[in-house]
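In case you want the letters, here they are:
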Amino acid sequence: MLKKTKVRQIIELLQKNLSDRGISGVLGVSGDSAHLQAEISEGHL
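Structural notes, computed from the coordinates. Position numbers for residues start from 1 in each chain and track the written sequence from start to end. pLDDT decides what is reported in this predicted model: residues at 70 or higher carry local features, side-chain atom pairs at 80 or more are listed and counted, and totals for whole chains, interfaces and linings draw on all residues regardless. Side-chain calculation: all heavy atoms of the structure are included, whereas hydrogens and water are not.

Turning our attention to unusual backbone geometry. Excluding glycine, a negative phi dihedral is what most residues carry, and trans is how most peptide bonds are arranged. Despite not being glycine, Asn 17 shows a phi value in the positive range, around 65 degrees. Under the scheme used here, helices are H or I runs from DSSP no shorter than 4 residues and strands are E runs no shorter than 2 residues, and both carry numbers assigned from the N terminus. Residue position: Asn 17 is located in the loop between helix H1 (4–15) and helix H2 (20–27). Burial classes follow relative accessibility: with a 1.4 Å probe on protein chains only, a residue under 20% of its type's maximum area counts as buried, one over 50% as exposed, and anything between as partly exposed. Take Asn 17: its relative accessible area is 72%, and that puts it in the exposed class.

Next up, the structure:
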């Protein structure tokens, strides 16, 4: 489970059009976590 601060950071980076892989590199989270959060924030899940 990601902390709220990581989720907020992922959302901010998604809004800046950073890729899932780029987000995972910047924040040190797994690519799957970044992708899952992207899907949730876009309303696909």
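What follows picks up the thread again.
With that settled, the discussion passes to H2. For H2, the full list of buried residues reads Ile 23, Ser 24 and Leu 27. The buried residues of H2 occupy one face: seen down the axis, they fall within an arc of 100 degrees. With respect to the buried face of H2, the exposed residues turned more than 90 degrees away are Arg 21, Gly 25 and Val 26. In what follows, a contact means two residues having at least one pair of non-hydrogen atoms within 4.5 Å. Elements in contact with the buried residues of H2: H1 and helix H3 (31–42). What the arc describes is the spread of directions from the helix axis to the C-beta atoms.

In this description, a line fitted to the C-alpha atoms serves as the axis of each element, helices being fitted only across the stretch in contact, and the angle between N-to-C directions of two axes falls anywhere from 0 to 180 degrees. Running from N to C, H1 and H3 point in directions that differ by 75 degrees, and their axes come no closer than 10 Å. The pairing of H1 with H3 is recorded here as roughly perpendicular in orientation. Two secondary-structure elements touch here, H1 through Val 7, Ile 10, Ile 11 and Leu 14 and H3 through Ala 34, Gln 37, Ala 38 and Ser 41. Grouping the amino acids of the contact of H1 with H3 by side-chain chemistry returns 6 nonpolar, 2 polar and no charged. The labels follow the angle: roughly parallel below 35 degrees, roughly antiparallel above 145, roughly perpendicular from 65 to 115, and oblique for the rest. Each residue is assigned to one of three groups, with Ala, Val, Leu, Ile, Met, Phe, Trp, Tyr, Cys and Pro labelled nonpolar, Asp, Glu, Lys and Arg labelled charged, and all others, Gly among them, labelled polar.

With that settled, the discussion passes to a nonpolar patch on the surface. Where nonpolar side chains cluster on the molecular surface, the patch consists of Leu 36, Ile 40 and Leu 45 and spans about 310 Å² of accessible area. Within the secondary structure, Leu 45 is located in the segment after H3. For Leu 45, a relative accessible area of 67% puts it in the exposed group. Patches here are clusters of residues that have more than 30% relative accessible area and form no salt bridge, with a 9 Å joining cutoff for like charges and a 5 Å cutoff for nonpolar side chains (Val, Leu, Ile, Met, Phe, Trp, Tyr). In short, Shrake-Rupley with a 1.4 Å probe defines the accessible areas, and a residue's cover is counted only from the protein chains shown. Counted as salt bridges are all cases of a side-chain nitrogen of Lys or Arg within 4 Å of a carboxyl oxygen of Asp or Glu.

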